[in-house]
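Here's the letter readout for the chains.
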Amino acid sequence: MKHFGNALGAALWALVLSWHLNATAQAPAAPASASASAAEKTQASAPLQNIYGRQHLSLNGRWNYIVDPYETGYYNYRREPFDATPSGKGGFYDDLGPPQNGELVEYNFDLSPTLRTPGDWNSQDEKLVFYEGTVWMRRVFNAEPKEDKRYFLYFGAVNYESHVYLNGKKLGTHKGGFTPFQFDVSGKLNKGRNVVVVKVDNMRHQDEIPTVNTDWWNYGGITRDVLLAEVPATHIADYKVQLAKGDLKRIQGYVQLAGDQPRQSVSVTIPAAGISTTVQADASGRAAIDIDIDHAAGKLRYWSPETPILYDVEIAAGSDTVKDRVGLRTIETRGQDILLNGKPIFLRGISLHDENPLAQGRLRGEGDMRMMLQWARELNANFVRLAHYPHSERMSRLADEMGLLLWAEVPVYWTISWTNPDTYRNAERQLTDMVVRDKNRASVIVWSIGNETPVGEPRNVFMGRLSDAVRGLDDTRLVAAALEVHREGQRVVVEDPLAGKLDLASFNEYAGWYWSDPEDMLNYRFDIKVNKPVVVSEFGADALGGHHGDATTRWTEEYQERLYQNQFKLLTAIPGLRGMTPWILADFRSPRRPHPQYQDFWNRKGLISDTGQKKKAFHTLKRFYDGMQQKYR
């Protein structure tokens, strides 16, 4: 097949807890600054913390699918949703089998082809390479539900809008292609045969997050795990166990219980560190954790890229127990320095997409993810920017294990509908879901609220609100955004009113590729208007792997290599330079890149080609990082 392209705001925590405690898959309470729209009232709830640590049945595997470009399975001939009619019948979610008594049935899941799930349809069916629209997906499974248990149907990610039905009844909807969600299906499961049907629509829209214009492939489908989780009637819904902001001697966090008996004793134990505490949950099921390590007679070894130490943590309440592996570290800034565990660090980074260049489609599992992170390690990187959307939970857990710091981002990308209240709510929801899911991952040190958004008052308000929201959710990590630059003569100017709300002076610049050339770029100097650590979040050039020539010829490996060499000269002249994440680790697919000779719907800025070949610039960057590692020992 052809390649294709812990100060927490009360209002915000009320929002988060409502998502976790929601047992009917209705929408959470909106932030205090906004009213919930009618469309939100059937949205899914945020999932259990550490879903993989719970008893669960995997629903991964082969799912039958029906392509439905006219949405015939959702709307009647008057364009009315079947599931909104009095009977609620008539859609493909009814999953009718062979016709009986002469009835007319114009679809059949049993006779339809299958897709591997998790996965995307673009890479699995050649007819769907460029398809954007609706595909119905169905999975039949057996269950033996117990009356004293609660059950949640979990989706790691579905791109983009999903309508979920169980045994012909609608559970609800979800928007957002990269964050997890769940539905409480307690009392809705059959003993024996069950059918889940998902209407998946990856059509792009101006008012969505991301918007219509991106530079990555719009993979449609159920792209991450599907699980049916079983928990006790009263259970641990959420927890946080991390070091307090800037304090290497104090663990702070909380445990949140859900169910009919929330007032329970909660124990938190870290056996290898000699730490154990018991706290009491209040009427809302919340139990605060605050452990003075010295007084607890505990002894910690701190997580870092050089020593990625993970502790087994056990949380117990009533009949429920959850086990996790957690690293403990602090991250903060002081002047122009970034401090990890109180010591200055240089972020030797690289950006990457959630895509395997060697096998079409999203990263399919831990093997693919480990390969990408190992490539980063071969660069001598200690930092990875997960662009431009939340990556899989498995990715952040692998980074914990492998000792790689992470920049985690939401797809507030380029120009979106800054003045639309629903668009803002969508962005804040995706940001919140990312923070809730990954707040216990030591690897995640940066929450990024967006990429290359144009300066303007509506945008400044929108992005400023996102910054406030994420700080209200988590004050122990850095907040950033990939800002833009502008040129005044031979000055490259970084001045953005949003920078005042961020911890890093982080920006993208493409000297030598989109402006100037690899030699003339050395005549420029950076003028950065904020006194903060500088992290250059993108620079780079396209090179077709294996295409060689002189260093002045675009698309050659030599051009890309020379640009990197001169970028280092340009950037190291910045006094506050404390890191970079060049664009990008590996070539990736993009409909925006149609040149038939050099691109063929690929963005070729990768340091590794679509055949796994390391381009010359890969080795150039590694040599630079080797030197920076010596400097920051």
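Each residue is numbered by its place in its chain's sequence as written, counting from 1. In keeping with the predicted nature of the model, local features appear solely for residues at pLDDT of at least 70, side-chain atom pairs appear and are counted solely at 80 or more, and the whole-chain, interface and lining totals rest on all residues. Values shown for side chains rest on all heavy atoms present in the structure; no hydrogens or waters enter the calculation.

### Examining the packing of helix H6 (residues 557-571) against helix H7 (residues 616-631)
Here's step 1: In this description, a line fitted to the C-alpha atoms serves as the axis of each element, helices being fitted only across the stretch in contact, and the angle between N-to-C directions of two axes falls anywhere from 0 to 180 degrees. A run of H or I in DSSP counts as a helix once it spans at least four residues, and a run of E counts as a strand once it spans at least two, with each numbered from the N terminus. It is the contact of H6 with H7, at a shortest axis distance of 8 Å, that shows an interaxial angle of 20 degrees. When the axis of H6 is compared with that of H7, the two are roughly parallel. The hand of the H6/H7 crossing is right-handed. Where H6 approaches H7, its residues Glu 557, Glu 558, Gln 560, Glu 561, Tyr 564, Gln 565 and Phe 568 are matched on the opposing element by Lys 616, Ala 617, Thr 620, Leu 621, Arg 623 and Phe 624.
Here's step 2: Three residue categories are used. Nonpolar comprises Ala, Val, Leu, Ile, Met, Phe, Trp, Tyr, Cys and Pro, charged comprises Asp, Glu, Lys and Arg, and polar comprises the others, including Gly. Here the residues of the contact of H6 with H7 sort into five nonpolar, three polar and five charged. Comment on the angle field: the value is read as roughly parallel under 35 degrees, roughly antiparallel over 145, roughly perpendicular from 65 to 115, and oblique elsewhere. What makes a crossing left-handed is the near helix being turned counterclockwise from the far one by less than a right angle; a clockwise turn instead makes it right-handed. We call two residues contacting when some pair of their heavy atoms lies within 4.5 Å.

### Description of the environment of Thr 211
Here's step 1: When you line up the elements, Thr 211 lands in the loop between strand S10 (192-201) and strand S11 (221-222).
Here's step 2: Take Thr 211: its relative accessible area is 1%, and that puts it in the buried class.
Here's step 3: Separated by 126 residues in the primary sequence, Thr 211 and Asp 337 place their C-alpha atoms 35 Å from one another.
Here's step 4: Dropping the residues within four chain positions of it, Thr 211 is found in contact with His 205, Gln 206, Tyr 413, Thr 415 and Ile 416. We call a residue buried when its accessible area falls under 20% of the maximum for its residue type, exposed when it is over 50%, and partly exposed in between, using a 1.4 Å probe and counting protein chains only.

### A short note on H6
Here's step 1: A helix is expected to reach a length of 1.5 Å times the quantity of its residues less one. Under the 1.5 Å per step criterion, the end-to-end length of H6 is 21 Å for 15 residues, consistent within 8% with the ideal 21 Å.
Here's step 2: Along H6, twelve of the 15 residues are buried, which leaves the element largely enclosed by surrounding structure.
Here's step 3: For H6, the set of buried residues is Glu 557, Glu 558, Tyr 559, Gln 560, Glu 561, Leu 563, Tyr 564, Asn 566, Gln 567, Phe 568, Leu 570 and Leu 571.
Here's step 4: Structurally, H6 contributes buried residues whose contacts are with strand S31 (525-528), strand S32 (534-538), strand S33 (577-580) and H7.

### Re the pairing of strand S14 (residues 250-258)
Here's step 1: Within S14, eight of the nine residues are buried, which leaves the element mostly enclosed by the surrounding structure.
Here's step 2: Pairing between strands is defined by DSSP: at least two bridges between them are needed. In terms of strand pairing, strand S13 (residues 235-243) meets S14 through eight bridges, oriented antiparallel. The partner of Val 241 across the bridge, within S14, is Gly 253.
Here's step 3: Linking S13 back to S14 in an antiparallel pair, the connection comprises six residues, with Gly 246 at a positive phi of about 65 degrees.
Here's step 4: Where S14 lies against strand S17 (residues 286-292), seven bridges are found, and the strand directions are antiparallel. Within the sheet, the bridge partner assigned to Gln 252 lies in S17 and is Asp 290.

### Considering the packing of helix H4 (residues 421-438) against helix H5 (residues 457-473)
Here's step 1: Remark: H4 packs on H5, axes separated minimally by 10 Å, with the N-to-C direction vectors making an angle of 30 degrees. Classified by the angle their axes make, H4 and H5 are roughly parallel. The interaxial crossing formed by H4 with H5 has right-handed handedness. Side by side, H4 and H5 meet where Thr 423, Tyr 424, Ala 427, Glu 428, Leu 431, Thr 432 and Val 435 of the first sit next to Phe 462, Arg 465, Leu 466, Ala 469, Val 470 and Leu 473 of the second.
Here's step 2: Looking at the contact of H4 with H5, its residues break down into nine nonpolar, two polar and two charged.

### Things to note about the domain arrangement of the protein chain
Here's step 1: An automatic or database domain assignment is the source of the domain bounds shown. According to the domain assignment, the protein chain consists of domain 1 (42-232), domain 2 (234-329) and domain 3 (335-632).
Here's step 2: One C-alpha centre belongs to domain 1, the other to domain 2; they are set 35 Å apart.
Here's step 3: Contacts between domain 1 and domain 2 engage eight residues on the former and twelve residues on the latter.
Here's step 4: When two components associate, each loses some accessible surface as probed by a 1.4 Å sphere; the sum of these losses over both components is called the buried area. Between domain 1 and domain 2 lies a buried interface of about 800 Å² when both sides are counted; carbon and sulfur atoms form 45% of it.
Here's step 5: On the domain 1 side of the contact with domain 2, Gln 49, Arg 54 and Pro 232 bury the most area, a combined 60% of that side's loss.
Here's step 6: Salt bridge, as used here: a side-chain nitrogen of Lys or Arg that lies within 4 Å of a carboxyl oxygen of Asp or Glu. The tally of links between domain 1 and domain 2 comes to one salt bridge.
Here's step 7: We note a salt bridge from Asp 320 to Arg 54, for which the minimum N-O separation is 2.5 Å.
Here's step 8: Within 3.5 Å is the distance limit for a polar contact, defined as a pair of N or O atoms, with the added protein rule that one can donate a hydrogen and the other accept it, and that residues adjacent in sequence qualify only through two side-chain atoms. Where domain 1 packs against domain 2, one counts eight residue pairs in polar contact (both at pLDDT 80 or more).
Here's step 9: For the side of domain 1 that touches domain 2, the secondary-structure elements that each account for two or more residues are strand S5 (149-155) and strand S12 (226-232).

### Quick notes on the packing of aromatic side chains
Here's step 1: Put simply, two rings from Phe, Tyr or Trp (the six-membered ring, in Trp's case) pair if the centres are within 6.5 Å, and we call them stacked under 30 degrees between planes, edge-to-face over 60, tilted for the rest. Considering all chains together, one arrives at 31 aromatic pairs under this definition.
Here's step 2: Both rings, one in Trp 121 and one in Tyr 131, keep their centres 6.0 Å apart while their planes meet at 55 degrees; by these two values the pair is tilted. Note that Trp 121 is positioned in the loop between strand S3 (114-117) and strand S4 (134-143) and Tyr 131 in the loop between S3 and S4, a separation of ten residues in sequence. When sorted by exposure, Trp 121 lands in the same class as Tyr 131, which is buried.

### Description of the sheet that holds strand S16 (residues 275-280)
Here's step 1: Judged by pairing direction, the sheet is antiparallel, and its four strands sit side by side in the order S16-S15-S18-S19 without closing on themselves. Each edge of the open sheet carries a strand with a single partner, namely S16 and strand S19 (320-326). Going from strand to strand, the sheet's axes swing by 15 degrees on average, the running direction of each strand aside.
Here's step 2: Of the pairings in the sheet, the one linking strand S15 (residues 265-270) to strand S18 (residues 311-317) comprises four bridges and is antiparallel in character. Note that in S18 the partner of Val 266 across the bridge is Ala 317.

### As for the UniProt feature "domain: Glycoside hydrolase family 2 catalytic" (unreviewed entry) in the protein chain
Here's step 1: Those places that UniProt annotates as "domain: Glycoside hydrolase family 2 catalytic" (unreviewed entry) correspond, in this numbering, to residues 332-628.
Here's step 2: For residues 332-628, the end-to-end C-alpha separation is 20 Å, with 29% helix and 22% strand making up the annotated structure. UniProt positions are given in the numbering used here, feature names are shortened, and annotations may be inferred rather than shown by experiment.

### Observations regarding the environment of Glu 457
Here's step 1: As for its placement among the helices and strands, Glu 457 is situated in helix H5.
Here's step 2: Judged by relative accessible area, Glu 457 falls into the exposed class, the value being 55%.
Here's step 3: As a C-alpha pair, Glu 457 and Pro 497 span 40 residues in sequence and 9.4 Å in three-dimensional space.

### Examining the nonpolar core
Here's step 1: Core analysis: the largest hydrophobic core is formed by 82 residues, its most contacted members being Val 412, Ile 449 and Met 580.
Here's step 2: Setting aside chain neighbours within four positions, we find Met 580 in contact with Phe 346, Leu 347, Arg 348, Gly 349, Ile 350, Val 535, Val 536, Phe 539, Phe 568, Leu 571, Phe 624 and Tyr 625.
Here's step 3: If you look at the next biggest cluster of nonpolar residues, it comprises 29 residues, including Ala 44, Leu 128, Tyr 151 and Val 226. Residue types Ala, Val, Leu, Ile, Met, Phe, Trp, Tyr and Cys, when buried and joined through side-chain atoms within 4.5 Å, form a set referred to as a nonpolar core.

### Section: unusual backbone geometry
Here's step 1: Cis peptide bonds are those with omega within 30 degrees of zero, and the linkage from Ala 387 to His 388 qualifies with -20 degrees.
Here's step 2: Here His 388 shows up in the loop between strand S24 (383-386) and helix H3 (393-402).
Here's step 3: Along the chain, Trp 583 connects to Ile 584 via a cis peptide bond; the corresponding omega equals 15 degrees.
Here's step 4: Position of Ile 584 relative to the elements: it lies in the loop between S33 and strand S34 (588-589).
Here's step 5: One non-glycine residue, Asn 167, adopts positive backbone phi at about 50 degrees.

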